[in-house]
Amino acid sequence: MYPAPFEYYAPNTIAEALSLLSQHGADAKVIAGSQSLVPLMKFRLATPAHVIDLRKVPNLTGIREEGGALVIGALTTHRTIERSETLRKKLPILPEAASAIGDPQVRNQGTIGGSLAHADPSADWPAVTTALDATVTVAGRGGERTLKISDLIVGPLTNSLNVDEILVSVRIPIPGAKSGSAYEKEPHPASRFAIVGVAAALQLDGKGVVQQARVAVTGLGSKVTRAGYVEQALTGKAPDPAALKAAAARTAEGIEVRGDNLGSAAYKTHLASVIAERALRRAAARAVER
Amino acid sequence: MPKTSAEVQGMGHSMKRKEDPRFLRGKGNYVDDVQLPGMLHMDIVRSPFAHAKIKSIKTEAALKVPGVLAVITGETLAKYNLHWMPTLMSDTQMVLPVEKVMYQSQEVAAVIATDRYAAADGVEAVEVEYDPLPVVIDPWEAIKPGAPVLRTDKKGKEDNKIFHWEVGDRSGTDKAFKDAEVTVKQDIYLPRIHVASIETCGCVADFDKVNGKLTVYMTTQAPHAIRTVFALVAGHVGLSEEKIRIIAPDIGGGFGGKVPVYPGYVIAVAASVVIGKPVKWVEDRMENLQADSFARDYHMTAELAAKKDGTITALRIKTLADHGYADAAANPSKFPAGLFSVCTGSYDVKKAFAEVDGVYTNKPPGGIAYRCSFRVTEAAHAIERITDVLAQELKMDPADLRMKNFIKKEQFPYKAALGWEYDSGDYHAALKKAMDKIGYAELRKEQAEKRARGELMGIGICSFTEIVGAGPSKHFDILGIKMFDSAEIRVHPTGKAIARFGTKSQGQGHETTYAQIVAEELGIPAAHVQVEEGDTDTAPYGLGTYASRSTPVAGAAGALAARKIREKAKKIAAHLLEASEEDLVWETGKFSVKGAPGRSKTIQEIAFAAYTNHPQGMEAGLEAISYYDPPNLTFPFGSYICVVDIDRGTGMVKIRRFVAVDDCGNIINPMIVDGQIHGGLTMGMAPALLEEITYDESGNIQGGSFMDYLVPTSMETPSWELDKTTTPSPHHPFGAKGVGESATVGAPPAIANAVVDALSHLGVKHIDIPITPEKVWKILKEKGVAE
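Computed from a predicted structure; not experimentally measured.

Packed helices, taken two at a time, are described by the angle between their axes plus the distance between the axes. All names here are of chain B. Their axes nearest at 9 Å, the elements helix α15 (residues 550-577) and helix α16 (residues 603-612) cross at an angle of 90°. Relative to α16, the element α15 lies roughly perpendicular. Across from A569, I572, A573 and L576 in α15, the residues of α16 making contact are I603, E605, I606, A609 and A610. Looking at the contact of α15 with α16 residue by residue, the class counts come to 8 nonpolar, no polar and 1 charged.

Structure below.
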């Protein structure tokens, strides 16, 4: 519970942070809300020689609407998202998912960008942002670039960022009429990470038939995964309970499910179908309402 | 109604806790808050293997880490013959190994450094070479002939058995089973769990080389006994008892986990003695969960014999107790299986027989309680589960079966088949009250309707009887020291008082409840009774706080010491009032002359006179001490009813309602009693639904951190509904019985019974705790009702 020695930096600008990163390369780690990296350091599972804290860097927090999308600063806390009136109106799935993260202490410190970059295979944001077709903006010495979530998160605790890049914001398109999304999870009793979490986003057409379904699963595999079979099964169908149940039954198909002390692979596979059905039902109900 | 005024705050007043202002303001003083000049820090190297020979320990690299001053190994301690120590159960355990390690996370070496971080860096740098040995994890394998013998340190030891203990009438019980109209039998496993107190264990050992005095600030529930143990264990290296001072400051939860002496304490003391500087050792969470004494791990087979009408005729229980590599339980010496023999529970069972075999495995040593009185939880779980199994077999309502077999109110004092004399009880009244409060009949109707719709709802009852307040000196001792407890009260000239006790609060609120006892007896406002415990240089000798013994034993000593003071006060009052003692009457706080109510002296006036105007021939002062040897144990009881709903999709059990009717005799502080029950119910829910420590076949611990050892928080806790009946203990000075552990004993079977009840129509008879969602889902799937 006592970390190995490390140097701590608190840069005041993004340029300064990027320069520190390129100076120390793989020996450095960035911290945002400190909720994931610091515990790993205390267990000495992570032993970065240099820790670069972004909390003094300006303009990395906040929620704004821009060109038909919501842009959320990487250092925006889960708590801010949970309480955002804008998000409650435009995309209630976001405050809903935020409110189920950890506990109030964690939510007051932890950030959406930190969670995405950390790429924990049981985290909530990867599933929610994947279902919502979000992108992230990444700053590097050569400027900014945009990545899909599926290109950002490449494995357990592994992102595709270069050692001298920083995730600065998350961009989520605001869905139009006849769309609805919902997130459901079975929380880990200790951490409240997802044992299985399913985010579902449905777009219906004028007749109430599913035009597009995006369903993302966290907790099951080594990283967030789209439940392609579920999406296929729903497309072109009316989202009635039978169709949702039948589609949800295929949630874990194609995913190599990890068993652990909280559930065997068989149980988690089953749980995924149950959770997916519940998420789909709520997403469908919202889509019909809008 | 309380007898004393709101100003005096004697028994029955919900006085706010005197200790809370300092806790709420962050001003508590726990062991880790102790800072001494020049203090060094200790960290421990632990074994990654469950059973291995130590080939070498290389310390050179560690000693080069900046700040590291010393590395202590078993070889270091062996020079002083301190590498082994006795357990409270007359077994032995290693302080540090010289030859082999016996469980994963066992202490292997200790690093002493100038700061805590350097100590941790030093631990990383110690190189230990191991040669793994065959691992014995399953106790059933451990007792088989030909199993590797683990305790090779014991000359001539050829198996892994620790003890065989039995009680009751074996042949009479066997005959009752042979003659029975109905019998039921159930294997019940109570898994290994950990108390997981929020404050881990630790100490600051401070040896003063000049005066030869050792002061140890220590997380202990029994400071006086620890002092004597230290004197006995380290007497040969010159530590004598008057030179040892144990101080238990504020303690953040004990629950039995802070009764034993852990190797870390001994190493820290040895380090301080050798180096001559204070040494602090505080475990981290994982060390606490992985290496400190566990609770339970009882493999029980329970059987009931009965008539067709439901009359229970006999109980038989056979148990295999996994103690890890050493019997480090903290039971009274004559009770290797604790008070498990209270397993006939609340029922009038004529014939009973129980046996327990202790066995060694490659796991941490222990067998302590988990907020219960020496294996009472195991006993209650066995009888309350098997009673439901019988109800199911007979197709009887479990409430009816209990009502039929309860010991009747008029049978008390009741001599149980396994030897205990229950002091008092009214079990019918408690269960009836719980049934009325929860609306039992309506719930059964609702359940029938839900079953018809395929919904799963269960109602579980537990009517437990505890056995606490150890204990009478005839049977109860720890290492020969009788299990009395003590109180010393001094009344100051201005009529305020200080009261010191041989126990030690770990959060129970003794500073308030003990003050209220003194207030009740002397009429001095509880606000002006300063309570102190935990410093062996000042408090009278006592055996400490565990097994719900503080109120039954030390609380009684407090009342008796106060009564001695009242006797002297009466003499002083007679002198002041110029009346004879026979003519004086006591009403709270003052003596008055019979028939002349105006002529009276308050306790404050009497106290002042005791120092300023005491009668000739009488010693000055107003103080007394009492060592109370209880004539019997006390038997708190209660009836709990739990209602659960089961999610057919996830297998998740949701506690919808939980009614707890407790009877702990006369109550000192109703608010504190409620608090104890609320906390106890949550802590009882924990092993029922969440907590378990398991090991893989190599002996790797599963459940060694709070990520996988699942303690409940307020988020998982339902809203508890409390009620009570009051049946005073007839032999206790103020009729109290103790309450701290009732809920942890009673809650698990109530919850387990509710879940089994929800599934009983599918043919489910038993589920071992913890009842996890996956366990339930597997059953639902097997029975074809999973969603």
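Still to come is the rest of the account.
This part covers the interface of chain A and chain B. In this complex, chain A contributes 25 residues to the contact, which on the side of chain B involves 23 residues. For the chain A and chain B pair, buried surface summed over both sides reaches about 2100 Å², with 61% attributable to carbon and sulfur atoms. Contact with chain B buries surface across chain A, with Y2(A), R44(A) and Y267(A) losing the most and accounting together for 28% of the total. Run the count over chain A and chain B and you get 5 salt bridges. The residue R278(A) makes a salt bridge to E787(B) at a minimum N-O spacing of 3.9 Å. Top element by residues in the side of chain A that touches chain B is helix α12 (residues 265-289) of chain A. It accounts for 6 residues. By residue class, the composition of the side of chain A that touches chain B is 13 nonpolar, 7 polar and 5 charged.

All names here are of chain B. Given a rise of 1.5 Å per residue, 12 residues ought to cover 16 Å, and the 17 Å separating the end C-alpha atoms of helix α12 (residues 427-438) matches this to within 8%. Buried within α12 we find Y427, A430, L431, A434, M435 and I438. Taken down its axis, α12 places every buried residue within 130° of arc, on the same side. With its phi angle positive at about 75°, G439 sits one or two positions after the end of α12.

Residue and element names in this part refer to chain B. With 12 of its 12 residues buried, strand β15 (residues 295-306) lies for the most part within the structure. Note: strand β10 (residues 182-193) against β15, 11 bridges, orientation antiparallel. Residue V184 lies in a different strand from β15, and its bridge partner there is L304. The pairing of β15 with strand β16 (residues 312-322) spans 9 bridges and is antiparallel. Bridging across to β16, H299 finds its partner in L320. Linking β15 to β16, which pair antiparallel, is a turn of 5 residues; within it G310 sits at a positive phi near 100°.

Before going further, it helps to examine the packing of aromatic side chains. All names here are of chain B. The tally for this structure, following the rule as stated, stands at 25 aromatic pairs over all chains. Where F484 meets Y541, the ring centres are 6.5 Å apart and the plane angle is 45°; that geometry is what we call tilted. Of the two residues, F484 sits in the loop between β22 (481-482) and β23 (485-491) while Y541 sits in the loop between β25 (529-533) and α15, which places them 57 residues apart along the sequence. Put simply, the rings of Y347, F406, F412, Y427 and F637 pair up and form one aromatic cluster. One residue, R22, lies across the ring of F23, its end atom 4.8 Å from the ring centre.

Cut-offs applied
- Residues numbered from 1 in each chain as written.
- Chains lettered and ligands numbered in written order.
- Predicted model: local features only at pLDDT ≥ 70, side-chain atom pairs only at ≥ 80, totals over all residues.
- Heavy atoms only, no water.
- Axes fitted to C-alpha atoms, helices over the stretch in contact; angles between N-to-C directions.
- Helix = DSSP H or I, 4+ residues; strand = E, 2+ residues; numbered from the N terminus.
- Parallel < 35°, antiparallel > 145°, perpendicular 65-115°, else oblique.
- Contact = heavy atoms within 4.5 Å.
- Nonpolar A, V, L, I, M, F, W, Y, C, P; charged D, E, K, R; others polar.
- Buried area = accessible area lost by both parts, 1.4 Å probe.
- Salt bridge = Lys/Arg side-chain N within 4 Å of Asp/Glu carboxyl O.
- Expected span 1.5 Å × (residues − 1).
- Buried < 20%, exposed > 50% of the residue type's maximum accessible area, 1.4 Å probe, protein only.
- Arc of directions from axis to C-beta.
- Pairing = 2+ DSSP bridges.
- Phe/Tyr/Trp six-rings, centres within 6.5 Å; stacked < 30°, edge-to-face > 60°.
- Lys NZ or Arg CZ within 6 Å of the ring centre and 35° of its normal.

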